[in-house]
Structure formats: structure tokens, C-alpha cells
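A look at the structure
Residues per chain are reported as follows:
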Amino acid sequence: MRTFNVGIVGVGIVGTGVVKILLEKHSPLLEKLDCVPVLKGIADRNLDVRNRIDLPSDILFTDDVDILINDPDIHVIIELIGGLHPAKEIITKALEKGKDIVTANKMLLALHGLELFRKARQCGKSISFEASVGGGIPVIAALRDGFIANRIESIFGIVNGTTNYILTKMTKEHVKYSDALAEAQKMGYAEKDPSMDVDGIDSSHKLAILARIGFGVDFDYKDIYCEGISTIDLSDIWYAHELGYTLKLLAVAKRIKSAIELRVHPTLLPHDHPLSSVNGVFNAICVNGSAVGETMLYGKGAGQMPTASAVVADLVDVGLGRAGITFHAMKTFSGNCEHISIADIMQIKTRYYLRFSVVDKPGVLAKISGILGNYEISIASVIQHKIKENGNVPLVMMTHLAEEGNLQKALTEIKRLDIIKDSTKFLRVEE
Ligand code: HSE
């Protein structure tokens, strides 16, 4: 049996999962393969970590990453420290020292992927990153290999478990946002500073990776539209439910004529859409390809063992030589693929959910619908309940397809009406 040696940099939750799989006595890898990864060393700044992992004495544990990088017997470095720095420098150095890289670092790839992939090509090495999106769901392999025959038309889905947990809690248990977030923090899903997840940034990193692989193009990451869930009010979840919709934080990538749409925002989906029943920390990604049609990949998008499952799959790909072949054949991140612009959010066309806070008197609906009509926005349905909020009532509407630029202009005009008593809430809809 052939073996190859591996060093892990950063042994937090996911790293510990990888160690568990690699040290498992009756590992499925041993049963299935003739080429098995062998854990040679671990580097972590926190030497105390050593006490909570049961490591055989022949595995090196160090707080000096250079010891692993300079070890000629280590063939692959698994980077699991996350963030931009020093992860970028560690990967660069390891490539220069002739190591292949496996990483789960979505932020680094979203922001500096092109530069790192160039470096890997120059060094004749590979970077594998299945664990960067969708945890244990093999979505990168699906886009890169399984759907290779397709022109990918759209990729959209739920790619952040923390926000999906929060929205599920709000929807199913009628818990307000701040309480649902506190529960997510208690469960260990959300960080103490939850902004990466709740502001949609984590989803936008993953969307950038999916779109680059799926569409085979490059673009400016900063142009991705990104809106999080922290301003979601329970009442919007209820009204949307009454209208037949479920609220999810979606990452959306779509081809349009000469650009692509890349956007992350809270989105209403019809109750019978498959993504509407993806709950808790689960992720699901829908890929629409020219030959395969509609597909959906579903599974645990985060957590120790699902993410470790993806890391080890990459590791095996490197060991078998597959990673080198696919990495070098792939145009993505090579600098040779088409640079495409991301459509401005004002150009997108969706249906919209609108919630106005208005005075309860005759003629209000006519005034609002008149302005919407002036901007080519047609109303599909309206609900108004007799709930008085400080003497005002919520007026909820669902529009037909409209351009966002027109909607924003109409809302600016509507805001000036004396019948409008509070800020207007709007949500985008995907069918
Ligand atoms: N914070 C991410 C999530 C997990 O909640 O989905 C890591 O990608």
C-alpha cells in the first residue's frame, strides 16, 4: 500500500475532525484505497490543544508552522486556520516548498484566489478547496467534474448554516431575531461577533467561489450585492407565510445577457420550493445546467465531521494524483478566463414583497398603487389586517415582476406621502 504524508495547520473544530478520520483504526480509506494519507505533523499556535487530542507519540505537534513547511517528507499541507493572514503567507510558502494545499478558507479564496492559484500553477502544485463551501456537500466536485458537460445557467441556495438556523427558529417557533441569534450562539453555531454570518459576508465568499467554478469567469468580488438578516422582523415572516412564501437567506448567481447577477439577501420562496424545507443548520444548493436541468445538493453545511469529510476527500484526490490533473486543467482562477461584470442590483428583476406602515383611512391604497403604477410596478396581491401599531396599520403587498431601480424610485416617492408613517420594508422573491 502506498502512503503520503500530511501536515495540518490549525487544529480547531474541523482540524480535530480531520485528525479523527486520519487516525481512525478501521478507516474507510484503508478499505477503499491503495494510497493512504498519513498524518505526520500538526502546527497550532495554541500548544494546549495538544492536551485535548489523543495523538500517537510519532506525530509531531508544534507551534511553529515552518517546521511542517520545511519538512521535505510532508507532501500536503492542510490549512485550517481561516482568515486572510497569516493563512495567505503560509499557503504561499508551502507552495514554494513544493507542497500541495488543501484548504477550507473561503474568505481567502474569494478575495485572493486568483493570486494563490497563479502561485500554485507556477510551483506545479495544486490547491483543493471542497470544504470551503457547503461543508460536507461535494458541491465543488459536482460543479467542476459532475456538471462539466453543462453550461451552468444558475446556482442558488442556502450556504450559511447559522443564518438558516436563526431564520428557521424565527419561522417555526416565532422567536424574534435577537433571541434566535442568542440561541444560535449558545448552540455554538454563531460566533460571539456574528457579523460574518448574519451580514451575509460568509455567504458572499461562498457565492464567489461557486460562481467562479460554475460559470468559469472572473469578476470583482467587491461588486457582489450583500444584505444580511439582522433587520428581519417577525411580522414579515408571518405576512410572507400568509402569502404562501418562506423566508431564507439566499446566495444567487445567474447568467443574464452580458453580465452575471451575484447577490446575497433575504429572499422569499414559495412554500413548495425545495429550498423552503431546508431547515436548521442544513445547506442546499440548486444548480441549473443546460444538459442536466435542475439539480439540488443537500446536507450539513458546517460542523466538525461534515467539513472534515470534505477535507479528507480533497486529500485523497491529491494522493491519487487527481487534484493535480483537475487543478491544472481548470481555467477557473487561472487569469485566462473571461472577466465579466456583475449586474448592478438596480437592474435586477424580481417580484417584491412590500410592507408599508400607513394611516388607516380611505384612499391610501389608491395613492400607493398610483405611484407604483407610474413606475410600471403591478400589484399581485394585498393584505391588510386590523392591527394598529401606534395608530397605524401595516399594508402588505406582493408585486409582479419589476425592475429594482423602478421600485426604489417608487418607494422614494411613496415615502414622501403623509399617509406613510414608518419606513417601508421590502423583500425580494425567487420563484
Ligand atoms: N459559519 C458558517 C455557517 C460555517 O454558519 O454556515 C462555515 O462555513
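Residues numbered from 1 in each chain as written. Predicted model: local features only at pLDDT ≥ 70, side-chain atom pairs only at ≥ 80, totals over all residues. Heavy atoms only, no water.

So, about the UniProt feature "active site" (unreviewed entry) in the chain. Per the UniProt record, the feature "active site" (unreviewed entry) sits at Lys 206. Within the secondary structure, Lys 206 sits in helix 11 (residues 201-215). Judged by its relative accessible area of 6%, Lys 206 falls in the buried class. Not counting chain neighbours up to four residues away, the residues in contact with Lys 206 comprise Lys 106, Ser 132, Val 133, Val 159 and Asn 160. There is a polar contact of 2.9 Å between the side chain of Lys 206 and the backbone oxygen of Val 159. (UniProt positions renumbered as here; feature names shortened; annotations may be inferred. Helix = DSSP H or I, 4+ residues; strand = E, 2+ residues; numbered from the N terminus. Buried < 20%, exposed > 50% of the residue type's maximum accessible area, 1.4 Å probe, protein only. Contact = heavy atoms within 4.5 Å. Polar contact = N/O pair within 3.5 Å; in protein donor to acceptor, adjacent residues only side chain to side chain.)

Across all of its chains, the model carries 5 aromatic pairs by this definition. The interplanar angle of 65° and the centroid separation of 5.5 Å between the aromatic rings of Phe 117 and Phe 129 together place this pair among those described as edge-to-face. You can see Phe 117 sitting in helix 6 (residues 106-123) and its partner Phe 129 sitting in the loop between strand 6 (127-128) and helix 7 (139-146), a full 12 residues away along the chain. The class for Phe 117 is buried, based on a relative accessible area of 0%. Ring geometry for Phe 282 versus Tyr 298: centroids 5.0 Å apart, planes at 5°, classification stacked. Placement of Phe 282 in strand 11 (residues 282-289) and of Tyr 298 in strand 12 (residues 293-300) is noted, with a sequence separation of 16 residues between them. Judged by its relative accessible area of 45%, Tyr 298 is partly exposed. Through pairs of rings, three or more aromatic residues link up here, namely Phe 117, Phe 129 and Phe 327. If you follow Arg 121 out to its NZ or CZ, it ends over the ring of Phe 327, 4.9 Å from the centre. (Phe/Tyr/Trp six-rings, centres within 6.5 Å; stacked < 30°, edge-to-face > 60°. Lys NZ or Arg CZ within 6 Å of the ring centre and 35° of its normal.)

This part covers the pairing of strand 9 (residues 245-255). Where burial is concerned, most of strand 9 is hidden: 9 out of the 11 residues are buried. Note that strand 7 (residues 152-158) and strand 9 share 4 bridges and pair antiparallel. Paired with Phe 156 across the bridge in strand 9 is Val 252. Note that strand 9 and strand 10 (residues 260-270) share 11 bridges and pair antiparallel. The partner of Ala 251 across the bridge, within strand 10, is Val 264. (Pairing = 2+ DSSP bridges.)

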